[in-house]
Each structure stands twice: as structure tokens, then as C-alpha cells.
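Here are the chains, one letter per residue:
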Amino acid sequence: MMSLALAVLVGAPLLASAQTEVRPGAEGWLATFARLPAGTTPAQTNLDCDGCTVVVGASPRVDLAEWANGQSVVHLGLDLEADDAATLYALVGLVGELKVWLDDAEVGTFVRGRDREDDRLLTLALTPGRHRLRLRLTAPVPQQGVPTRRWRFRWRFLDENFAPGLGSVRADVGSLRAGDARTAARHALHVAEAHDLEAGNLTIRLRLDMPAGGVSRAVPVALGADEERREATWEGTPIEWTLPYPARGPLRAPLAIDGETRPIGARVAIDRPLLRAMAELAPHLEGASEWSRAALQWRYDELARAVRDADPDRRWRQWLVQDARALARELRRGRDPFRHVRGYARMAHTSALDGSAQPYELFVPPGYRGRGSAGRAWPLLITLHGFKGNAGDYFRNTFGLARDWRGGETLEAHGRYGVAPTEGPMIVIAPQGRGQSMYRTMGEVDILEAIADVKRRFRIDERRIYITGGSMGGTGAAYLPFRHPDLFAASAALAGYHDQRVRQDTHHAGLTTVEQFLQAERSDIDWTENAVHLPMLLVRGTRDRPLAWTRRQVERLRELRYRAEHREPALGHNVWTETYAEGAIFDWLGRYRRPRNPRRVRLRTARERTLESHWVRIDARSESDQFASVDATLRNGEIEATVDGVDGVTFSPEGEVVRIRIGDQQFEGAPPLSLRRAGDAWEVGAVDLTGRKRAGVSGPIRDVFHERLVFVVGTQDPAHTFLNRRVAHHWAHPPGVDVRYPVIDDTDVTPEMIANATLVLVGPPWSNRLHARWSRQLPVRFDWDRRAIHAGGTHQGPQVGAVFVAPNPDAPDHSLLVIAGTTPLGTWRARFLPDILPDWVVYDEEVELARGQWSCGGARRDDGSPNGADPVSCRYRAHGFFDMHWRP
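Given the structure is predicted, the values throughout are model-derived calculations rather than measurements.

Trainee: Please explain the pattern of salt bridges as it appears in this structure.
Mentor: For side chains of opposite charge, pairing can occur when their charged atoms come near one another. A complete count under the given rule lists 87 salt bridges for this structure. For Arg305, the salt bridge is made with Glu302, and the minimal N-O distance between the two is 2.9 Å. Placement of the pair is Arg305 and Glu302 together in helix H4 (residues 293-308), with a separation of three residues, close to one helical turn. Residues Arg305 and Glu302 agree in their burial class; the two are buried. Via salt bridges that share partners, Glu27, Arg61, Asp115, Glu117, Asp118, Arg152, Arg154, Arg156 and Arg726 belong to a single interconnected network.

Rendered as C-alpha cells:
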């Protein structure tokens, strides 16, 4: 999509004539202000001054450096007029410092170092009459040795009913001559150009609109020339035109806005080959075999992404086109291109989370023989990329094919078309892991789905499945086997982050006991007991501080007397190039096999998704906020077990009869033999799981991201709808994570969605019809009459909200995630919650500092009080876990 975003200073001074009205865009954004001369004071009364100009932005996110003319301070102004008393809300995002005055009173000061939309709330209470709104924006001061971040600013207006815009209030930038007002309106008009494949036809879609608002004037628009000319007048309603793609050559259809020509069609020659390649693949997608469907779909989607994102990598675009055309030729000849893969290939699997095709890099040794032959089973290695890396680059690194640093080969280029491996002793895959997921939640699901896809395709030796990775991937190389202890035979975790207490925002006393448990649940070190049969190689460079990230994990492994090799080369963060050189990692990992029926099993877990290891299964944990553990040893058909935090356990070793000793009790029977707690004793029998937490119906809150999700926007109360929708999109699109959860209105939910997905209900019961349907059966109650939330007490206030996970009353195998406030601002505040959350949280504006943080207790700043005695910090109203039986 091509976007024309302009920042223009209308040159003529503001003149004393009719006031020039400005209106926000459809979503409340406004990027048109009067610019006041340097040195302007808050008491500036008149926008019609010498040196006053109008600044116009066609994009909601404004680069202030373009407006500043080399200055570090910019003064902006609007005049607001209300016939009756009114309230406006401004949602502000910026990098730098902002001071805001309404008339003579300072009403807000914000300092921000990160560019986030809707980051700060400003409430403007207007009496009848005219008011002055003045803004002073100061550029961020660069830290020593750190480049200055871009100076940015975003401003969104909501009216007193929380709808985008100014409601009954009028805004103006002073007086402009008619010609200057029309020029300002023209420059605020934004042109979005999209190239699409629709019903097999290549098309160009143009949309003309003012997403960032602007001067309220009619603007004549014309497209094309002579008899094909289209004309319209922009008067506040978007204009949309669809054009056929030219069969060859450039697009000859000039776009004129108020007589000024705007460039369109600049990417026609670049996008045409991509769109044609999509058209060649499209007829084969629906009927593709199970072996090829996902791989073909990923290529189709990647071609579409390259068009949509205007991917600048010419070589990658060429590869995509050539690859798609070659595959289309094979398919037309009746051949299945991914049925028998050898060597290197880009593969994909279809994810149960959102139905998307998720890619992984694959290498199959040339000597591999098919599943139906007498060929041997092969070992499998999963290799995981880092936070800023990609699967293709790390895949090549694993084979010792490092990128050409001196030659300037980028990480992305190496991953896309670096030299591919041709020889290797194992089948190797490198999943994308949903991007920057840390291989948790949807990232964990992606790795398990990729492994399952490879096992379906090839003969894999179940006892020789290995895992390795670097940085984020090094964390995943411990996180995954510790939580799936009977899956992997060995692990090489490089430069990982294994003890979350090392984090700067979590190693202090600010964490609550709830957060301390969640910190342990997220840390690898607290799951180390599960590595009893997992030989590990842990590597960290001596210049990669703090070394405790790895050293503490090594110390714990050695305390338990587990097999662990620890290396600390004189390197920085990148230790994988040296560790993987000449394929050395294959030799290290390949010496180990997972035991078939180990004598000793240790299982420690804090969640319902990972309750099994070898011949031990924990059927039920005792408490939501405690680990459950089993340590069992098998000798001569007798198991001696120690259990903690367990209500039910099943033992299933090989053999016809098993004898079990727990404490001073003994049991005997045919495996699998289940025991359940009865008071202080044990008895034979399975635990009744009715109403209990279990995989898919569980907490903490983030656990739902292991599931297929549908985000449901409450639309029953107009005051809530807009912010409900913004919050739904925020939660449905975690930054850096490739996931495509549907976001729909509560009127569009189908019975199939209720039965087969985890629904995320956004908005209180009087706003969300499904929340209302189940409200009396949920553990957190919303009170319409008192505008209150009942959870761990009664909570009231203008920005009070709650987020909680609970069973779906109509679909007991699925959870509901509810995100709601008693007011629209209470729902909006859910955007500020930190990463680790228990089963339920009640919050208000005190969580503001937690946005983008790991925990609430770790988010604080000194407000300048003497000796820092009373730091401003993040606080919950209440938070915690539901008991294991989910009683409302």
C-alpha cells in the first residue's frame, strides 16, 4: 500500500476573517494545528498573529522535526468553542515532552521516551464559550552516546460519549483566507493505494480520506484524463476508486487533488510480477494435497505481504515469483511438489490457532529413504532463532554457514537467500515461532505443531529429537524441554535468559507474592528438576552481561547433579557462530538418546498444559499458585514416590503389575494406576476433573494464547464501542508476533465459534451481549447500578476495569477471557497491563506505568519526593488466582 503522508506549513499568516474550522478524522485523530511563534506564552489569546501559520499532517503520527524548523520546541494551538458545558478526552502519544494549557491553566505534562499511540489521557472540561488550547512540545534530550530518538506526536479526540471526534464542540485554527484554507485541506487529504488480486483480476484500489483530520473544506478530485476521467468532491466522506491493472507499462491515470497532481502507480511495474504469480498459484490452493497445501498457502501469503508492505528487497521478490511459477508448472502437470522432499526446502504447516500457514526451514539428508521403505528412522534437530533474528538465518548458522559480516550481508538477506545446506547427519527444522514470541504461548504451540508436521512427513527417531537456539532461541531451548521433558533427548541453549529474577524490573521487593509465583512459573530455573534425562550444553560469552542469566541455571543443574556442560568463551552475545562452526553441534547432540523407560522420573509443573513425563502424569494440582511435583523411582516393579502439591497422579510404567509406595501407604494394580488424595491419605481411583482447571480451561490470563481465539467487541452501548474495538485490536495483535486472530462484533458470533474457540469478550455486560449472557455464571461480577466490579471486594471509580479468565458456561472445554471496565476508560486501561498476569486482575489508572513492562510491581519511577521516599509506582486494585475448582 502506498501512503502519501504530508506535513506542510501553510505559508500565509492567519488573517482576521472567518474562523477556519478543523475536524478530526473518523477515528478521532487530528494533525492540523496552528503553529505559534517561538516564545509564545500560555496566555496567547489570538491565533491570528504575525508569524502564526497552520501545520497540516496527513498521517496521525507526526514527525515533529519536520515542523520545528531546526528548533527544539514547537508551540501549537487550537481554539475550542462549546455552546453548552462539555467534556473532551485527548489520547496522546509522543516522544519528548508535552505541556498542555486550557486557557490560563496547565492541565497536563507528559514525558515519554517511546512512541505509542493513546499513551496518555487528558481530560478537558469546557464551560460554554470559547477556550484556548495550547501545546508546548519539546524534543527529547539525547543521552550520552545514545542517538536522539525521532521526535513524534499523536493526538486523538474523543467526545464526552467516548466517540471519536469533538461531538458538539467546534475547533478552529484562527482565520485563513479561502485559498489558504483550501490548500490546507488539500494537504491533509491522504491517498492510500493498494494493489490486489480479486477474483483472479489484478486491481488497484485508491482511497482518499483525511484519517488525521484537517481543515473543513470541499476539495475537488479528478482521476484520469479525457473520456475516462472520473471527478468527485471530497467533503468529509472517503472516496474509493477501483482501477484495472495495466497489462503492461506504467499506470496512465493521473490523480489531481484541487489541481495538484499526486503520484500514483509508482509500484505497478514492481508489483505486477508478484500479483501474476499469486494468480498462477491461486487455482491450486483449494485442491492441494495435505503434503503441499500449507507450503503453497505460505508462498501465496508471502507474495501478498510483499505487495502490501512494499517489500524493498528486489532479490526476495524475484525468488518468490520464480518459486511460485515453478510450483504452478509442477501442479499443472499433476505433480505434488512437496510430497517427497530432499535437501533444503521452505515448508509450512497449517496452525490450529488461526488457520494460517506458518513457515519453517527444512533440511532432509539426501540419504533419507521414505516412510514406506525399510529405511532407518532419523534424528531431528529443532533450531530456534533470536528475538531480532529470523528462522532462515539461524537455520544456516546451525550448519556452520555463517553470514558474511565483512561483506555486509544482512541478517535478513542471509535468511532469505544465503547458501543452503546440502549435507548433514539429521533432519533439521527452524520454525519461525510466530516471531518475537519468546517461544511461549502461541510460539510454543508453533514449535509443537512444526514438530508434529515433520513427524507426519518423515520417519523420525522419537528417542533422538534435539533442540538448540541462541538468545531468545537459547531461552526456548530450555523453556520447551523443561515443560515437555519426555520429548527431547538433549539441548544446547546458547546465550539464553533462564532466571527471570535477573531482570532489572523484577529483582527487587516491589513484586507481590502473586507476581513472584508468576515470575517462577516463567523462569526456566524453577523447572530444572524436569531435566533429569536432558543433557544440556549452556554457552554464554564473558562479555554478555549479566552472566547470571546462564550461570544460575548451570548452578541449579549441578546442584541436582544433572549432566550439564558450561562454556564461557571470550565473546559477546553471539556465541553460536563459534559453537556451530563446522557442524560441531551435531556431534555434541548426537551422542545422546532419550531413555525409553527411565527408572527415575521427576516432574515439576505450575500449569495444566504440561502434566506428564514418561510414565508419570499429574492428574490434578492442589493449588493455582504453587508448583506440583512428583519424584518417582522404579525398582523391580515397585515405585517409590514423593509428591507435593498434587491431588491426583497416575503411574504407567511398562509391565503387568505395579506396586506403589507413597509415604507409609502401599498400592498395587495393573498400570496405568491412578491415585487420588482423600484428606491426608491416598486412595486408588481417578480424580473427578469436573469443574477443575485443565488444559484449555485454565489460567493464568496469558494461557489462553495457546488456544484458537476469537475477539468479540461489545457494541450494545455506543459509549463503549469505540474503545472496546481499540482494546480488542491491541490484545489481538501482540507487538512483534505474527498472529491473525479474528476481531468481530458481538452480533456476529456464531454457535461454531462458541463451541470451538476461546472467546475474548471486550466490554462490560451492558456493552457486550455475550458477557451479559454469561455474567451471572462468571467469577467476577459487574454491577450496572453502582458502576462497580465485585472481585476481592467492591471496586468503583472512573477508570476501574477487570481482566479475568474463566470457563465458558456453554462450552466447558474452553475458556472465556473477559476484558472490561465499568466505564469506557476502564476498558481502555487494559492496554496498560503488564506481561505477567494471574487469573484475574482489577485495576484503574494506577497501572499506567506498567505498559510494556514485565510486571506491575517492577514498574515505578521516582516522582522527585525527598530521598525518593514515595515513588510513583504501578498498583492493582486487586489480583490473584481462582481456586482449582473455579467456584464463582
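Trainee: Before we go on, may I ask you to explain the layout of surface pockets in this structure?
Mentor: Within this model, the second largest pocket holds a volume of roughly 890 Å³. Forming the walls of the second largest pocket are 33 residues, and the residues nearest its centre are Trp298, Glu302, Arg305, Pro359 and Gln432. Those elements that provide at least two residues to the lining of the second largest pocket are H4, strand E23 (343-350), strand E24 (357-364), helix H6 (391-398) and helix H7 (411-417). The element that contributes the greatest number of residues to the lining of the second largest pocket is H4, accounting for six residues. Residues that form the lining of the second largest pocket fall into these classes: 11 nonpolar, 10 polar and 12 charged.

Trainee: What am I meant to see in the state of the cysteines here?
Mentor: Here is the idea: a disulfide is a covalent bond, and it sits between the sulfur atoms of two cysteines. Evaluated as defined, the whole model comprises two disulfides. Disulfide partner of Cys856: Cys874, at an S-S distance of 1.9 Å. Sign of the S-S torsion, about -95 degrees for the bond between Cys856 and Cys874, identifies this disulfide as left-handed. Here the residue Cys856 occupies a position in the loop between strand E49 (840-843) and strand E50 (860-861), and Cys874 occupies one in the loop between strand E51 (872-873) and strand E52 (878-880), the gap between them amounting to 18 residues. The pair formed by Cys856 and Cys874 is uniform in burial state, with each residue classed as buried. Each bonded cysteine of the protein chain is numbered by sequence order, and under that numbering the disulfide pairs are 1-2, 3-4.

Trainee: Just checking my understanding: could you explain unusual backbone geometry for this structure?
Mentor: In most cases, non-glycine residues show a negative phi, while peptide bonds are predominantly trans. The omega torsion of the bond from Pro671 to Pro672 falls at 0 degrees, within 30 degrees of zero and hence cis. The amide bond that connects Gly699 to the next residue, Pro700, takes the cis arrangement and shows omega of 0 degrees. Within the secondary structure, Pro700 is located in the loop between strand E40 (681-684) and strand E41 (709-713). We note that Arg434 has phi near 65 degrees; this positive angle belongs to a residue other than glycine. With respect to the helices and strands, the residue Arg434 is situated in the loop between strand E26 (427-431) and helix H8 (442-457). One non-glycine residue, Ala495, adopts positive backbone phi at about 55 degrees. With respect to the secondary-structure elements, Ala495 resides in the loop between strand E28 (490-494) and helix H10 (513-522).

Trainee: Is there a simple way to think about H6 in this case?
Mentor: Because the α-helix completes a turn every 3.6 residues, residues three or four places apart line up on one side. In terms of residue burial, H6 counts as a mostly covered element, since eight of its eight residues are buried. Within the span of H6, buried status applies to Ala391, Gly392, Asp393, Tyr394, Phe395, Arg396, Asn397 and Thr398. For H6, the N-terminal cap is Asn390; the gap from its side-chain oxygen to the backbone nitrogen of Gly392 is 3.2 Å.

Trainee: Teacher, can you tell me more about the packing of helix H3 (residues 268-285) against helix H5 (residues 314-332) here?
Mentor: For any two helices packed against each other, one specifies the crossing angle of their axes together with the interaxial distance. Contact geometry of H3 with H5 gives a least axis separation of 9 Å together with a crossing angle of 25 degrees. It follows that H3 is roughly parallel to H5 by the angle criterion. Seen from above, H3 lies across H5 with left-handed handedness. Contacts between H3 and H5 involve Ile270, Pro273, Leu274, Arg276, Ala277, Glu280, Leu281 and His284 from the former and Arg317, Val321, Ala324, Arg325, Leu327, Ala328, Leu331 and Arg332 from the latter. Within the contact of H3 with H5, the residues separate by chemical class into 10 nonpolar, one polar and five charged.

Trainee: Would you take a moment to explain the pairing of strand E4 (residues 32-36) for this structure?
Mentor: The two faces of the sheet receive side chains in turn, since in a regular strand these alternate between them. With five of five residues buried, E4 lies mostly within the body of the structure. In E4, alternate side chains face the same way, and those of Thr32, Ala34 and Leu36 on one face and Phe33 and Arg35 on the other are all buried. Relative to strand E5 (residues 53-57), E4 runs antiparallel, the two being bridged by four bridges. Note on E5: the bridge partner recorded for Thr32 is Val56. In terms of strand pairing, E4 meets strand E7 (residues 73-82) through three bridges, oriented antiparallel. Bridged to Ala34 within E7 is Gly77.

Trainee: Any chance you could explain the sheet that holds strand E37 (residues 658-662) here in plain terms?
Mentor: Neighbouring strands of a sheet are bound in pairs by backbone hydrogen bonds; such pairs are parallel or else antiparallel. Read across the open sheet, the five strands follow the order E31-E34-E35-E37-E38; overall the sheet is mixed. Of all the strands in the sheet, just strand E31 (600-605) and strand E38 (665-669) have a single pairing partner and so form its edges. Geometrically, the sheet is characterised by an average inter-axis angle of 20 degrees between neighbouring strands, direction not taken into account. As defined by bridge partners, strand E34 (residues 628-635) adjoins strand E35 (residues 638-644) across seven bridges and the pair is classed as antiparallel. Counted as the bridge partner of Arg635 is Glu638 from E35.

Trainee: Quick question: what am I supposed to make of the sheet that holds strand E36 (residues 646-651) here?
Mentor: On the basis of which strands lie adjacent, the open sheet formed by five strands has the order E32-E33-E36-E39-E40 and antiparallel pairing. Each edge of the open sheet carries a strand with a single partner, namely strand E32 (612-613) and E40. Sheet topology note: the strand E39 (residues 673-678)/E40 ladder contains four bridges and is antiparallel. Bridging across to E40, Leu675 finds its partner in Val684.

Trainee: Would you mind going over the environment of Val739 with me for this structure?
Mentor: Locating Val739 in the fold gives a position in the loop between helix H14 (718-732) and strand E42 (743-745). The exposure class of Val739 is buried, given its relative accessible area of 7%. C-alpha separation for the pair Val739 and Phe363, spaced 376 residues apart in sequence, amounts to 25 Å. The residues contacting Val739, other than those within four sequence positions of it, are Asp354, Arg434, Ala732, His733 and Pro734.

Definitions and cut-offs
- Residues numbered from 1 in each chain as written.
- Predicted model: local features only at pLDDT ≥ 70, side-chain atom pairs only at ≥ 80, totals over all residues.
- Heavy atoms only, no water.
- Salt bridge = Lys/Arg side-chain N within 4 Å of Asp/Glu carboxyl O.
- Helix = DSSP H or I, 4+ residues; strand = E, 2+ residues; numbered from the N terminus.
- Buried < 20%, exposed > 50% of the residue type's maximum accessible area, 1.4 Å probe, protein only.
- 1 Å grid on protein atoms, 1.4 Å probe; cavity = no way out; pocket = protein on both sides within 12 Å on 5 of 7 lines; lining within 4 Å.
- Points joined across faces, edges and corners; volume = space filled by probe spheres on them.
- Nonpolar A, V, L, I, M, F, W, Y, C, P; charged D, E, K, R; others polar.
- Disulfide = S-S within 2.5 Å.
- Polar contact = N/O pair within 3.5 Å; in protein donor to acceptor, adjacent residues only side chain to side chain.
- Axes fitted to C-alpha atoms, helices over the stretch in contact; angles between N-to-C directions.
- Parallel < 35°, antiparallel > 145°, perpendicular 65-115°, else oblique.
- Left-handed = near helix turned anticlockwise from the far one by under 90°.
- Contact = heavy atoms within 4.5 Å.
- Pairing = 2+ DSSP bridges.

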